[in-house]
There are 2 protein chains.
Amino acid sequence: MVQIPNTPAPTKSPAPRPVPTSADVARLAGVSRATVSYVLNNAGAVRISEPTRLRVRQAAEELGYVPHAAARALRAGHSRVVLMPTLPAPAGPLYSQFVHDFQGALARLEYTVVQYGATGLCGDDAARAWAELRPVAVLVPTPGIGPEGVAVLKRSGARAVVTLSPAPVEGAHALRLDHADVGRSAAAHLYARGRRRIGVVVPEGRGMEVFSAPRLHGSREALSGTGATVTELPLAYSEESAAALAARWSGLGLDAVFAYNDEYAMLLMRALQETGVRVPEDVAVVGADDLVLGRLLRPRLSTVRIALPSGRELASLVDRAVRNPAAAPEPHEPFGATVVHRESS
Amino acid sequence: MVQIPNTPAPTKSPAPRPVPTSADVARLAGVSRATVSYVLNNAGAVRISEPTRLRVRQAAEELGYVPHAAARALRAGHSRVVLMPTLPAPAGPLYSQFVHDFQGALARLEYTVVQYGATGLCGDDAARAWAELRPVAVLVPTPGIGPEGVAVLKRSGARAVVTLSPAPVEGAHALRLDHADVGRSAAAHLYARGRRRIGVVVPEGRGMEVFSAPRLHGSREALSGTGATVTELPLAYSEESAAALAARWSGLGLDAVFAYNDEYAMLLMRALQETGVRVPEDVAVVGADDLVLGRLLRPRLSTVRIALPSGRELASLVDRAVRNPAAAPEPHEPFGATVVHRESS
DNA sequence: TTGAAAGCGTTACCAT
DNA sequence: ATGGTAACGCTTTCAA
């Protein structure tokens, strides 16, 4: 049977040229695919004559050849991708900075960080979706993945799984980071300052509960049995929502508020001040995350600081774990939440 | 020759089990790989008996089988990955929100958004690195990629390339977004308010110049030939840096400042107020990005708002472009920069 | 209803 | 020094 070479498929008019492959480069340069591979990867083991190298390079240039990462990974049996699921809510400044540092540090170690939109799925289902990419390591920034999920990832070739979560997860390098600690610290601080009727801001908005729920819970826990009360205060990140909350403030009878984080604290504090509520005389306010803006407010904002690991440290941990996956997860102290007492409480 | 099956490589002690493949599932279930594929992908065209389906599912479960995305993409010849290079600097709140929306909207359209750390490389070199992933679409959030880069991506199978940049890029759906407009608007506004000696804050820090340079340049441009002066004000995002700048303020002799964005404006405004400089009487301040916090400052912060496309709109644009790559890039008006005049100017 | 086989793009091994 | 070939894991067409 005669095969007509390169008959264009009779579908679309622009006839989308197929993506050039290394075989195309080889054909154009008049060499074999192996030679193309050697030249383009600067393989030291094999010597290729200079003229040949040149021909191959020119051919690749001419065709606009770009190697196919998936094919390469398939062949190699591994990749240098470090996977980082994206958060369920827009990231705050603290986290953005952290991700940026982490990414930069890993890039210097020749890894590629991929933030992957793992929408909808949760827990060990999500782990399966991540495992499809066969990352060499995974950093899970929220709780929710369990030992099963970790096992799936490891069976799929992940040499390191690092979790940031309250409880250590079997099989993972568990960096213990409990947002409930933030709530606990804030509430304990307010209680120690003599406050007894404490509001806790709970941001509205999909995905926010991942962080707000533990912060609320921690506050409740710290105050249980003390006789102090905790009042949940839903609040959207808008002037209107804050004004509405401030308008019904006197009816709530609160003498303190833990405002979820510094940004919400600023929002609420302004609304309260507008309606004549004095801070900290009438109500003590505590934020969290120790953002720059907290120091700029008047009164200066008390806040709870979390000792996040630096991006560089975490990158180096990942690298060590990848190089030696057999090593037991390094134990470490939970990241503490420290109250930074300023003027608002 | 007799081949000893599954001889473990005599290397490491924990003998890392190889990752289970669909062949392993097939073997365990006593069927062929094709059947496994049919069952696991719910192929409608072929009917598989219920008992077989069950056996396959159980085998997959037991082995912890997860399909290999790279292999699948290789075989399919395409993917649903939308690539988004990460910014060279930590993202601000405006951008974080945008990315989150964009990702959510694309997920609903069954795309997978991947943020890819494209560190170091720039322009068309970066494009080559992105092309290795064979994304179906690419959203380039910074200028720097040229027609060459777009061509590389398209030749590599990208059916849509969307750029957010000042000048339209040949071959791409170019959303025209010029940060110089922000600088122009701010400067023109300050000039119209009678200010003539105008400072422009330039954030320090790697990667910031991508946005700060055009904003500065736009300010210069708007004032050239008017007799007004532009003074460059390097500023790190810290209280100390702001205090240092405020300390030498009177020597600068400025009557207005465009503070890069609302966050820097807040930082500088506070430092100025601390040293007794009155806003807006002594110095007019304009921020940018129209963040919530600008409305919370006193005096309320004037700002320049950029009409970013919503994540949903952009997602739908990407989807349309992917479905019909032949269509000419949809023309559109450049996104305007609008001055929101409040009290600080 | 199920199985065999080809092929996606790449690279490593083994001939030449 | 270079080229043929097999194999990575998966899907799909064709044949039984």
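Residues numbered from 1 in each chain as written. Chains lettered and ligands numbered in written order. Predicted model: local features only at pLDDT ≥ 70, side-chain atom pairs only at ≥ 80, totals over all residues. Heavy atoms only, no water.

*Asks:* Give me the lowdown on the overall build of chain A, citing residues and values where you can.
*Replies:* Along chain A, the regular secondary structure elements total 14 helices and 11 strands. In summary, chain A has a C-alpha radius of gyration of 28 Å against a globular reference of 20 Å for 345 residues, an excess of more than 25%. Referenced to the eigenvectors of the C-alpha coordinate spread, the extents of chain A come out at roughly 90 × 50 × 35 Å. Across the 345 residues that make up chain A, the buried fraction comes to 50%. Excluding contacts between residues fewer than 6 apart, the proportion of contacts in chain A whose partners are at least 24 apart in sequence is 69%. For chain A, the accessible area works out to roughly 16,300 Å², and carbon and sulfur atoms hold 53% of it. (Helix = DSSP H or I, 4+ residues; strand = E, 2+ residues; numbered from the N terminus. Rg over C-alpha atoms; globule rule 2.2 N^0.38 Å. Buried < 20%, exposed > 50% of the residue type's maximum accessible area, 1.4 Å probe, protein only. Contact = heavy atoms within 4.5 Å. Areas by Shrake-Rupley, 256 points an atom, 1.4 Å probe, with all protein chains shown as cover.)

*Asks:* For empty space enclosed by the protein, give the residues involved together with the corresponding values.
*Replies:* Scanning the entire structure with this criterion turns up 2 cavities of 30 Å³ or more. Reported here for the largest cavity is a volume of approximately 390 Å³. Listed by contribution, the elements that provide at least two residues to the lining of the largest cavity are helix H5 (93-108) of chain A together with helix H5 (93-108) of chain B. Class assignment of the residues belonging to the lining of the largest cavity gives a composition of 13 nonpolar, 10 polar and no charged. (1 Å grid on protein atoms, 1.4 Å probe; cavity = no way out; pocket = protein on both sides within 12 Å on 5 of 7 lines; lining within 4 Å. Points joined across faces, edges and corners; volume = space filled by probe spheres on them. Nonpolar A, V, L, I, M, F, W, Y, C, P; charged D, E, K, R; others polar.)

*Asks:* Got a sec to walk through the domain arrangement of chain A? Specific residues and values, please.
*Replies:* Domain boundaries in chain A define domain 1 (22-67), domain 2 (81-177 + 309-330) and domain 3 (179-306). Taken over C-alpha atoms, the centre of domain 1 of chain A sits 37 Å from the centre of domain 2 of chain A. (Domains from an automatic or database assignment.)

*Asks:* Got a sec to walk through the nonpolar core? Specific residues and values, please.
*Replies:* Core analysis: the largest hydrophobic core is formed by 154 residues, its most contacted members being Trp249(A) and Trp249(B). Among all residues touching Trp249(A), those that are not within four sequence positions of it are Leu233(A), Leu254(A), Val257(A), Leu268(A), Leu272(A), Val277(A) and Val283(A). Counting 39 residues, the second-largest nonpolar core is a separate cluster that includes Leu83(A), Ala131(A), Ile145(A) and Val66(B). (Core = buried A, V, L, I, M, F, W, Y, C linked by side-chain atoms within 4.5 Å.)

*Asks:* Kindly report on the protein's contact with DNA strand C, identifying the contributing residues and their values.
*Replies:* Around DNA strand C sit 26 residues in total, of which Ser22(A), Tyr65(A), Arg75(A), Ser32(B) and Thr52(B) are the nearest. What you see for DNA strand C is that sugar and phosphate hold 62% of its atoms within 4 Å of the protein. Here Thr35(B) contributes a side-chain N or O atom positioned 3.2 Å from a phosphate oxygen of DNA strand C. A distance of 3.2 Å separates a phosphate oxygen of DNA strand C from a polar backbone atom of Ser49(B). Of all the secondary-structure elements, those providing two or more residues to the surface near DNA strand C are helix H2 (33-40) and helix H4 (69-76) of chain A together with helix H2 (33-40) and helix H4 (69-76) of chain B. Of all the elements, H2(A) adds the most residues to the surface near DNA strand C, at 4 residues. (Near = heavy atom within 4 Å. Polar contact = N/O pair within 3.5 Å; in protein donor to acceptor, adjacent residues only side chain to side chain.)

*Asks:* Give me the packing of aromatic side chains: which residues, what numbers.
*Replies:* With the rule as written, the count across this model stands at 8 aromatic pairs over all chains. Between Tyr95(A) and Phe98(A) the ring centres are 6.0 Å apart and the planes differ by 45°, which places this aromatic pair in the tilted class. Of the two residues, Tyr95(A) and Phe98(A) both sit in helix H5, 3 residues apart, roughly one turn of that helix. An angle of 55° between the planes, with centres 5.1 Å apart, marks the rings of Tyr237(B) and Tyr264(B) as tilted. Note that Tyr237(B) is positioned in the loop between strand S7 (229-235) and helix H10 (239-247) and Tyr264(B) in helix H12 (residues 262-274), a separation of 27 residues in sequence. (Phe/Tyr/Trp six-rings, centres within 6.5 Å; stacked < 30°, edge-to-face > 60°.)

*Asks:* Quick one: what's the story with the pattern of salt bridges, residue by residue and with numbers?
*Replies:* Pairing between side chains of opposite charge can happen when the charged atoms of each approach one another. What the rule picks out here adds up to 26 salt bridges over all chains. Measuring nitrogen to oxygen at the nearest pair gives 3.0 Å for the salt bridge that ties Glu274(A) to Arg298(B). Taken as a pair, Glu274(A) in helix H12 (residues 262-274) and Arg298(B) in the loop between helix H13 (292-296) and strand S10 (303-306) lie in two separate chains rather than in one. A relative accessible area of 47% means that Glu274(A) is categorised as partly exposed. Put simply, Asp24(B) and Arg27(B) hold a salt bridge, and the shortest N to O gap is 2.6 Å. You can see Asp24(B) and its partner Arg27(B) sitting in helix H1 (residues 22-29), 3 residues apart, about one turn around the helix. Here the salt bridges share partners, and the residues they tie into one network are Asp178(A), Asp181(A), Arg184(A) and Glu221(A). (Salt bridge = Lys/Arg side-chain N within 4 Å of Asp/Glu carboxyl O.)

*Asks:* Could you give me a rundown of the sheet that holds strand S4 (residues 160-165) of chain A, with the residues and numbers involved?
*Replies:* Backbone hydrogen bonds hold the strands of a sheet together, and the pairing may be parallel or antiparallel. Reading across from one edge, S5(A)-S4(A)-S3(A)-S1(A)-S2(A)-S2(B)-S1(B)-S3(B)-S4(B)-S5(B) is the order of the 10 strands in this open sheet, with mixed pairing throughout. Strands with a single pairing partner mark the edges of an open sheet, and in this sheet they are strand S5 (173-176) of chain A together with strand S5 (173-176) of chain B. Looking at each pair of strands side by side, their axes are set apart by 20° on average, direction ignored. Judged from the 5 bridges that link them, strand S1 (residues 81-85) of chain A and strand S2 (residues 112-116) of chain A form a sheet pairing that is parallel. Within S2(A), the position partnered with Leu83(A) by the bridge is Val114(A). Running over the sheet, helix H14 (residues 311-323) of chain B touches strand S1 (81-85), strand S3 (137-140), strand S4 (160-165) and S5 of chain B and is turned about 145° from S4(B). (Pairing = 2+ DSSP bridges. Axes fitted to C-alpha atoms, helices over the stretch in contact; angles between N-to-C directions.)

*Asks:* So what's going on with the interface of chain B and chain A? Residues and values would help.
*Replies:* Taken residue by residue, the interface counts 56 residues in chain B and 56 residues in chain A. On the surface where chain B and chain A come into contact, there are 2 salt bridges. At the junction of chain B and chain A, the tally comes to 19 residue pairs in polar contact (both at pLDDT 80 or more). Contributing elements (two or more residues each) for the side of chain B that touches chain A: H4, H5, strand S2 (112-116), helix H6 (124-131), helix H7 (147-155), H12 and H13 of chain B. In this structure, S2(A) lies alongside S2(B), joined through 3 bridges in antiparallel fashion.

*Asks:* Which residues make up the sheet that holds strand S7 (residues 229-235) of chain A, and what values do they have?
*Replies:* All names here are of chain A. Pairing within the open sheet is parallel, and its 4 strands lie in the order S7-S6-S8-S9. One side of each edge strand has no neighbouring strand; the edge strands of this open sheet are S7 and strand S9 (284-286). Each strand axis lies, on average, 20° off the axis of its neighbour in the sheet, ignoring direction. Where strand S8 (residues 256-258) meets S9, 3 bridges bridge the pair, whose relative direction is parallel. Pairing of valine 257 across the sheet is with valine 285, part of S9. In the packing of helix H9 (residues 209-223) onto the sheet, the strands contacted are strand S6 (197-203), S7 and S8, and the crossing angle to S7 comes to about 165°.

*Asks:* Help me get a handle on the relation of the copies chain B and chain A, residues and values and all.
*Replies:* With an RMSD of 0.1 Å, the operation that places chain B on chain A is a rotation of 180° combined with a shift of 0.0 Å along the axis. The transformation relating the two chain copies, once decomposed into turn and shift, fits a two-fold axis. Same-surface contact between copies: 98% of interface residues of chain B are shared with the interface of chain A. (Least-squares fit on C-alpha atoms with pLDDT ≥ 70 in both.)

*Asks:* Could you give an account of H1(B), with specific residues and numbers?
*Replies:* Residue and element names in this part refer to chain B. Within the span of H1, buried status applies to Val25, Ala26 and Ala29. The buried residues of H1 occupy an angular sector of 100° when the element is viewed end-on, so they sit on one face. Glycine 30 sits one or two positions beyond H1 and adopts a positive phi of about 75°. (Arc of directions from axis to C-beta.)

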